[in-house]
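Coordinate inspection notes
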Number of protein chains: 2
Amino acid sequence: MTIGPIAGSTKVYRDGVPFRRVHLTNGEHVDLYDTSGPYTDPNATIDLEAGLGRRPVVRDRGTQLQRARAGEITAEMAFIAQREGVAPELVRDEVARGRAVIPANHNHPEAEPMIIGKAFAVKVNANIGNSAVSSSIAEEVDKMVWATRWGADTIMDLSTGRDIHMTREWILRNSPVPVGTVPIYQALEKVNGDPVKLTWEVYRDTVIEQCEQGVDYMTVHAGVLLRHIPLTVDRVTGIVSRGGSIMAAWMLAHHTESFLYTNFDDLCDILARYDVTFSLGDGLRPGSIADANDAAQFAELATLGELTTVARTHGVQVMIEGPGHVPMHKIAENVRLQEELCDEAPFYTLGPLTTDIAPAYDHITSAIGAAMIAQAGTAMLCYVTPKEHLGLPNRKDVKDGVIAYKIAAHAADIAKGHPNAQARDDALSKARFEFRWEDQFNLSLDPDTARDFHDETLPAAPAKTAHFCSMCGPKFCSMRISHDVQEAMAQKSREFAEHGNRVYVPLVSSAPPSQGAG
Amino acid sequence: MTIGPIAGSTKVYRDGVPFRRVHLTNGEHVDLYDTSGPYTDPNATIDLEAGLGRRPVVRDRGTQLQRARAGEITAEMAFIAQREGVAPELVRDEVARGRAVIPANHNHPEAEPMIIGKAFAVKVNANIGNSAVSSSIAEEVDKMVWATRWGADTIMDLSTGRDIHMTREWILRNSPVPVGTVPIYQALEKVNGDPVKLTWEVYRDTVIEQCEQGVDYMTVHAGVLLRHIPLTVDRVTGIVSRGGSIMAAWMLAHHTESFLYTNFDDLCDILARYDVTFSLGDGLRPGSIADANDAAQFAELATLGELTTVARTHGVQVMIEGPGHVPMHKIAENVRLQEELCDEAPFYTLGPLTTDIAPAYDHITSAIGAAMIAQAGTAMLCYVTPKEHLGLPNRKDVKDGVIAYKIAAHAADIAKGHPNAQARDDALSKARFEFRWEDQFNLSLDPDTARDFHDETLPAAPAKTAHFCSMCGPKFCSMRISHDVQEAMAQKSREFAEHGNRVYVPLVSSAPPSQGAG
């Protein structure tokens, strides 16, 4: 398991809120939002058996939503305000309005509070979890620590294989970020994988079991209704959501409406007791460019809007899951409709992939869609790894997926003008222009790889302060020449001042090339 | 050097126009635009010494622009129409209008004709070339073949080190795609790397030398004027274009206007003789998010518009180069202004990078910007590799850069509704839904990597037809369940027909959950 500080940085706590402080060679420093928890703090003792330290939890005043409505600024809200660099009142008001959620199960005090909402930094979720054919508990815990090291804001445990309960327990007790699940996966295991044998009771007991463990948010595909299924029959890729296809199979077999829909009130009462957040799943999300924005997808979205109202009346926090596969010209419409139908509940999208033709590169096909949909208002992005459609992600895939999505989220933060989003870019670009190579590496999303790439061609230590790199070599370095230009300009401006800008007179009036015959 | 067919495909010629034909296991086939030339045709004999075969060239009727204006549909236009699946008249009319260019130096008959314009498929350029500190001729020729294998539509030879002329000769004689250069790099070598020693005569002779060799388009930084330089002084990253910084240094040293600007008419006469296309360089492009869309950048763009008019009066084809580093919310403005100021000359952009904080992942930060700017109307995208800002790209970096940009270009083609763009997506998604794994691999941008990733967890041959993968395992495969759902639906619909849809009656009227107190 990889622990210890990220290159060039140390962990600092400001009013108890952790930051990754990057120390620059010019004496300055930059503090960054840090999701890695104690694992990057050399002073913290890591004991997977004991789990992480726990923060105090108030259990008797309801959910963050209910307390925000009551005008309270909770300890979690104050922590989040520090982290995001915004006013605590903004945090409270956005939660009260239902435009932001704080996934914080009373039984998961190990996690550091964070917020998901369009007024705040765009967040990234990383999926982990074993399957029937691959992976172990130790691997999944390692992936969780690894994913949060590189910036995953939440983790979803999508385990479908052996030891689901135990895998989740290890992840929850050791995760510094909120953990989400899809309870129907474990419920299906309990009925030996036969969707037809599922019952509300089996599902309900599974949800309670996971609430007790401390799961912070749960994907519930309660928006897939029997009347929606015929809308999927002519699709190119049918139903690609596991939860959606499981519920469709159940409904057809029993000729009856989804037990998730008909028991939704009871489900709300359960989640409210623990302050578990709904992530209303899009069981009919498009699985291909051809199926994007179709009748099935938007019919379910309308139902999710109806359920959002129900959940909020129960005081339960809600976010809405989104596609999937969507071409660029159909992305904005997804956000517009989601905000309209779901009363601006935070949108949580998977990608979307902007083309189907690049398996093995879907972290890129989807980072394009993710950046665009986040700019349009999506609050959290579920990462896609290079293995999407091909296999279960390994350690490298998890990192590649997280980095690609941190890029998408940050690009959107800049485009949205989120406070301080661009400060990191400016600090890195200044370091680049001043040939402070080490600072350029350490301010980047992945200092290790940036340094390795540079050293492939110029490994020598002096190259770390050299005024060129292997791209152009010494003679051609535009930035070096640009420094000379700036110096020359300074010199000229002194001369111009003495001679009344004479040099400029002929230039301003310099004749343009003829536009005549040729 | 890697030659031979790409997995699962063969080279076919339709009316002499090459395509990559992908053969599917269901007996169907899909023909794809193919830039790889004879290197993927097992029947072609590759002899680097002799160079590729040459097509006949008409030298006495002027440039493609002049011939299009005269109403002629040239052999190149007819070839291109076949390739793009559009009418020859559209090709001719877009070229005549100046909204598209066909970079085809009379002295480069080895290249297959292609077009760059917003009405056609978005193109991708790959930069190669050695530098003073790295790489050899053989390496660069190999990179050229490698880049076109994965879909590079043009190649730019940016060599700045030893043997510039010889490297270019080997690339030109063996490249199946147009080749671009930045002549000032070689001109600078001729004056021992001292910008101050540059002269119009040295530059002109270098341009003629490269025109004679067969370079198809040339980057000329004639838009950087002395009066623009003061606008760059307060930038975070100054002047990051090599050509721009070289000309700025020259102008300041000589206190006089750019010799590229004052001799532009003569330059046009030279390029017109060979039908070499101008790629008017953006010497003042922003090198950081902070400098995007600033006064220096747009002042130069206005001058490029002026030069576009001049070039066209000389019958020379023109495209305009664009940024650089631009945040998402400032991308569209670049295209709008470029089309307005440069009379819709094809836009050819480098990325843009949408954030500065991810060195080692700039193929991704820029693929996001590239997809968006292409959707907005950019005709060709200059790739960025993971090594950007860090070092010279190796073979793997070149492939990663090309694939990332083929994704961006294709995503834009779909968003723009380019004819047949989505057909490949639909064919691949259909294969995915029908568990035709081999077809899914072979229809992808990189069949080798897609297959390798799948086989990491399920290497056995039967897995290639298995109705699941390692992501979910057999029990959880949504697509398999979705097939059952479709079968069940078909069964139901037969029953419904017999019993008047009784099953549906209770569902449509099924009571929603209470929206009452909670």
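Residues numbered from 1 in each chain as written. Chains lettered and ligands numbered in written order. Predicted model: local features only at pLDDT ≥ 70, side-chain atom pairs only at ≥ 80, totals over all residues. Heavy atoms only, no water.

The name given to chain A in an unreviewed UniProt entry is Phosphomethylpyrimidine synthase, with Mycolicibacterium agri as the source organism. UniProt, in its Sequence similarities (unreviewed entry) section for chain A, records the words "Belongs to the ThiC family." Here is the UniProt Catalytic activity (unreviewed entry) comment for chain A, exactly as written: "5-amino-1-(5-phospho-beta-D-ribosyl)imidazole + S-adenosyl-L-methionine = 4-amino-2-methyl-5-(phosphooxymethyl)pyrimidine + CO + 5'-deoxyadenosine + formate + L-methionine + 3 H(+)". (UniProt positions renumbered as here; feature names shortened; annotations may be inferred.)

What follows covers the overall build of chain A. Counting its regular elements, chain A contains 19 helices and 13 strands. A compact globule built from 518 residues should have a C-alpha radius of gyration of about 24 Å, and chain A, at 26 Å, falls within 12% of that. Principal axes of the C-alpha set define a box for chain A whose edges measure 90 × 65 × 50 Å. Per-residue burial for chain A yields a buried fraction of 67% across its 518 residues. Taking as baseline every contact in chain A between residues at least 6 positions apart, the subset at least 24 positions apart corresponds to 72%. (Helix = DSSP H or I, 4+ residues; strand = E, 2+ residues; numbered from the N terminus. Rg over C-alpha atoms; globule rule 2.2 N^0.38 Å. Buried < 20%, exposed > 50% of the residue type's maximum accessible area, 1.4 Å probe, protein only. Contact = heavy atoms within 4.5 Å.)

With that out of the way, let us pick up the relation of the copies chain B and chain A. The relation between the two copies of this chain is a rotation about an axis and a shift parallel to it. When chain B is brought onto chain A, the operation consists of a screw motion whose angular component is 180° and whose axial shift is 0.0 Å, with 0.0 Å RMSD remaining. The transformation relating the two chain copies, once decomposed into turn and shift, fits a two-fold axis. When C-alpha distances to the rotation axis are compared across chain B, the minimum falls at isoleucine 368 of chain B, with a value of 2.3 Å. Of all interface residues in chain B, 99% are interface residues in chain A too; the two copies therefore contact each other through one and the same surface. (Least-squares fit on C-alpha atoms with pLDDT ≥ 70 in both.)

So, about the packing of helix α4 (residues 137–149) of chain A against helix α14 (residues 395–415) of chain A. All names here are of chain A. With their axes 9 Å apart at the nearest point, α4 and α14 run at an angle of 30° to one another. It follows that α4 is roughly parallel to α14 by the angle criterion. Handedness of the crossing formed by α4 with α14: right-handed. Here α4 contributes Asp142, Lys143, Trp146 and Ala147 to the contact with α14, which in turn contributes Arg395, Val398, Lys399 and Val402. Classifying every residue of the contact of α4 with α14 gives 4 nonpolar, no polar and 4 charged. (Axes fitted to C-alpha atoms, helices over the stretch in contact; angles between N-to-C directions. Parallel < 35°, antiparallel > 145°, perpendicular 65-115°, else oblique. Left-handed = near helix turned anticlockwise from the far one by under 90°. Nonpolar A, V, L, I, M, F, W, Y, C, P; charged D, E, K, R; others polar.)

Quick look at the packing of aromatic side chains now. Residue and element names in this part refer to chain B. Using the criterion set out here, one finds 14 aromatic pairs over all chains in the structure. Consider the rings of tryptophan 250 and phenylalanine 259, whose centres lie 4.9 Å apart with planes at 90°: the pair is edge-to-face. Residue classification places tryptophan 250 among the buried positions, given a relative accessible area of 8%. Centroid distance phenylalanine 264 to phenylalanine 278: 4.8 Å. Interplanar angle 25°. Geometry classified as stacked. (Phe/Tyr/Trp six-rings, centres within 6.5 Å; stacked < 30°, edge-to-face > 60°.)

Before going further, it helps to examine the UniProt feature "binding site: [4Fe-4S] cluster" (unreviewed entry) in chain A. Residue and element names in this part refer to chain A. Here, the residues flagged by UniProt with the feature "binding site: [4Fe-4S] cluster" (unreviewed entry) are Cys469, Cys472 and Cys477. Mapping cysteine 477 onto the fold places it in the loop between α17 (447–457) and α18 (478–499). On the accessibility criterion, cysteine 477 (9% relative accessible area) is buried.

Of all hydrophobic cores here, the largest spans 262 residues; its most connected members are Tyr203, Phe264 and Phe278 of chain A together with Tyr203, Phe264 and Phe278 of chain B. For phenylalanine 278 of chain B, the residues in contact, after removing those within four places along its chain, are Met218, Val220, Phe264, Leu267, Cys268, Leu271, Ala311, Val316, Gln317, Val318 and Met319 of chain B. (Core = buried A, V, L, I, M, F, W, Y, C linked by side-chain atoms within 4.5 Å.)

Chain B puts 135 residues into the contact, and the matching count from chain A is 135 residues. At the boundary of chain B with chain A, total buried surface from both sides reaches about 11,200 Å², with 68% on carbon and sulfur atoms. If you look at where chain B meets chain A, you find 2 salt bridges. With a closest N to O distance of 2.7 Å, glutamate 456 of chain A and lysine 387 of chain B form a salt bridge. For the pair chain B and chain A, the interface holds 20 residue pairs in polar contact (both at pLDDT 80 or more). (Buried area = accessible area lost by both parts, 1.4 Å probe. Salt bridge = Lys/Arg side-chain N within 4 Å of Asp/Glu carboxyl O. Polar contact = N/O pair within 3.5 Å; in protein donor to acceptor, adjacent residues only side chain to side chain.)

Residues and elements named next belong to chain B. Tallied over the entire structure, the rule returns 74 salt bridges over all chains. For the salt bridge of aspartate 153 with lysine 406, the shortest nitrogen-to-oxygen distance reads 3.8 Å. One end of the pair, aspartate 153, is in the loop between α4 (137–149) and β7 (154–157); the other, lysine 406, is in helix α14 (residues 395–416), with 253 residues separating them in the sequence. There is no split in this pair, since aspartate 153 and lysine 406 are both buried.

Turning our attention to the sheet that holds strand β2 (residues 17–23) of chain A. Residues and elements named next belong to chain A. The strand order across the open sheet built from 3 strands is β1-β2-β3, with neighbouring strands paired in antiparallel fashion. Looking at strand neighbours, the two that pair on one side only are β1 (9–14) and β3 (29–33), the edges of this open sheet. Across the sheet, the mean angle separating the axes of adjacent strands is 40° when strand polarity is ignored. Sheet topology note: the β1/β2 ladder contains 6 bridges and is antiparallel. From the neighbouring strand, serine 9 faces β2, where its bridge partner is valine 22. Helix α2 (residues 75–84) rests against β1, β2 and β3 of the sheet, and its axis sits at about 15° to β2. (Pairing = 2+ DSSP bridges.)

All names here are of chain A. For threonine 181, the position within the fold is in strand β8 (residues 179–181). A polar side-chain atom of threonine 181 sits 2.6 Å from a polar atom in the side chain of glutamine 210. Ignoring sequence-local partners within four residues, the contact set of threonine 181 consists of Met156, Asp157, Arg168, Gln210, Val215, Tyr217, Met218 and Thr219.

Before going further, it helps to examine the UniProt feature "binding site: Zn(2+)" (unreviewed entry) in chain A. Following the UniProt record, the feature "binding site: Zn(2+)" (unreviewed entry) maps to His325 and His389 of chain A here. On the basis of their most widely separated C-alpha atoms, the annotated residues across 65 residues gather in one place, lying no more than 12.2 Å apart. Those residues within four positions of histidine 325 of chain A in sequence are excluded, and the remaining contacts are Pro286, Gly287, Ser288, Ile289, Ala292, Pro352, Leu353, Asp356 and His389 of chain A together with Arg432 of chain B. Judged by its relative accessible area of 12%, histidine 389 of chain A falls in the buried class. Of the polar contacts made by the side chain of histidine 389 of chain A, one reaches the side chain of aspartate 362 of chain A; its length is 2.9 Å.

Before going further, it helps to examine the sheet that holds strand β12 (residues 347–350) of chain B. Residues and elements named next belong to chain B. Ordered in space as β6-β7-β8-β9-β10-β11-β12-β13, the 8 strands form a closed barrel in which the pairing is parallel. Adjacent strand axes in the sheet meet at a mean angle of 25° when their direction is disregarded. Relative to β7, strand β6 (residues 123–128) runs parallel, the two sharing 4 bridges. Within the sheet, the bridge partner assigned to asparagine 125 lies in β7 and is threonine 154. On top of the sheet, helix α10 (residues 264–274) reaches β9 (217–220) and β10 (277–280); it is set at about 140° to β10, its chief contact.

Residue and element names in this part refer to chain A. Most of helix α10 (residues 264–274) sits inside the fold, with 8 of its 11 residues counted as buried. Contacts from the buried residues of α10 go to α7 (200–213), β9 (217–220), α9 (259–262), β10 (277–280) and α11 (295–313). Aspartate 275 sits one or two residues past α10 and shows a positive phi near 55°.

Here we come to the confidence of the model for chain A. Residue and element names in this part refer to chain A. Here chain A averages 92 in pLDDT, while 93% of its residues score no lower than 70. Here residues 502–518 is modelled with pLDDT under 50, and outside its nearest four sequence neighbours on either side it reaches 31 contacts, counting other chains as well. Complex prediction metrics read pTM 0.94 and ipTM 0.94. (pLDDT = per-residue confidence, 0-100.)

For the rest of this paragraph, the subject is the domain arrangement of chain A. Domain annotation of chain A identifies domain 1 (64–418) and domain 2 (467–497). Using C-alpha coordinates to define each centre, domain 1 of chain A is positioned 50 Å away from domain 2 of chain A. (Domains from an automatic or database assignment.)

The subject of this paragraph is the environment of phenylalanine 347 of chain B. Residue and element names in this part refer to chain B. On the secondary structure map, phenylalanine 347 appears in strand β12. Taking the relative accessible area as the measure of exposure, phenylalanine 347 reaches 3% and is therefore buried. Setting aside residues up to four positions removed in sequence, phenylalanine 347 forms contacts with Ile320, Glu321, Gly322, Pro323, Asn334, Val335, Gln338, Ile373, Thr378, Ala379 and Met380.

We now examine helix α7 (residues 200–213) of chain B. Residues that lie three or four places apart on an α-helix share one face, since the helix turns once every 3.6 residues. All names here are of chain B. Between the first and last C-alpha of α7 there are 20 Å, a value that for 14 residues agrees with the 20 Å anticipated at 1.5 Å per step. Every buried residue belonging to α7 is among Trp200, Tyr203, Thr206, Val207, Glu209, Gln210, Cys211 and Gln213, and all of these are buried. Buried residues along α7 sit in contact with α5 (164–174), β8 (179–181), α6 (183–190), β9, α9 (259–262) and α10. (Expected span 1.5 Å × (residues − 1).)

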